[in-house]
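# Architecture at a glance
The chain contents come next:
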Amino acid sequence: GGVVPGGGASDGGGIPPNIARLMDVNLSVTIELGRTTHTLESVLQLGEQSLVELDKQVGEPVDILVNGKIFARGEVVTVSENFGVRITELMAGVSEL
């Protein structure tokens with residue numbers, strides 16, 4: 001469960017009934033730390049303890065994707081020994097999910 005902007009479906013906060021029915025639908029959320037490109041040969045040589053260098057530097061914002069579309073950007077944080085992401089910027093067109 002997450003925090004739904006504008007309140008939940010039960011508060012009558014102006015959410016249309018057809019949208020309120022969808023509030024419990026699960027969405028795939030992906031945090032993308034970076035990307036890289038490798039040849040098939042180099043991928044086949046990967047093993048335990050291999051290092052894969054990404055295209056981002058330490059401290060750069062990470063992308064937050066919802067169902068494969070960019071939703072926001074954020075910064076990596078730790079929460080009780082787990083990793084998390086603090087949202088720092090919402091992308092325009094978020095309502096198009």
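Our subject is the structure that appears above.
These remarks concern the structure in this document. (Residues numbered from 1 in each chain as written. Predicted model: local features only at pLDDT ≥ 70, side-chain atom pairs only at ≥ 80, totals over all residues. Heavy atoms only, no water.)

### A look at the sheet that holds strand E3 (residues 69-79)
To keep things clear, this is the line we draw: Strands qualify as paired when DSSP identifies two bridges or more between them. We count a stretch as a helix when DSSP gives it H or I for four or more residues in a row; a strand needs E for two or more, and each element gets its number in order from the N terminus. Where helices are involved, their axes are fitted lines through C-alpha atoms of the stretch in contact, as for all axes, and angles between N-to-C directions lie from 0 to 180°.
Strands sit in the order E1-E2-E3-E4 across an open sheet of 4 strands; the sheet is antiparallel. The outermost strands of the open sheet, each flanked by one partner alone, are strand E1 (29-32) and strand E4 (82-90). Looking at each pair of strands side by side, their axes are set apart by 40° on average, direction ignored. As paired elements, E1 and strand E2 (residues 62-66) share 4 bridges and run antiparallel to each other. Along E2, the bridge assignment pairs Glu32 with Asp63.

### Here's the deal with the pattern of salt bridges
Operational definition: We count a salt bridge whenever a side-chain nitrogen from Lys or Arg sits within 4 Å of a carboxyl oxygen from Asp or Glu. Think of it in three bands: residues with accessible area under 20% of the maximum for their type are buried, residues over 50% are exposed, and the middle band is partly exposed, with areas taken using a 1.4 Å probe on protein chains only.
This model, assessed by the stated rule, comprises 3 salt bridges. Salt-bridge contacts for Asp63 lead to Arg73; the nearest nitrogen and oxygen are separated by 2.8 Å. Linking Asp63 in strand E2 with Arg73 in strand E3, this pair joins segments that are 10 residues apart in sequence. By relative accessible area, Asp63 is classed as buried at 13%.

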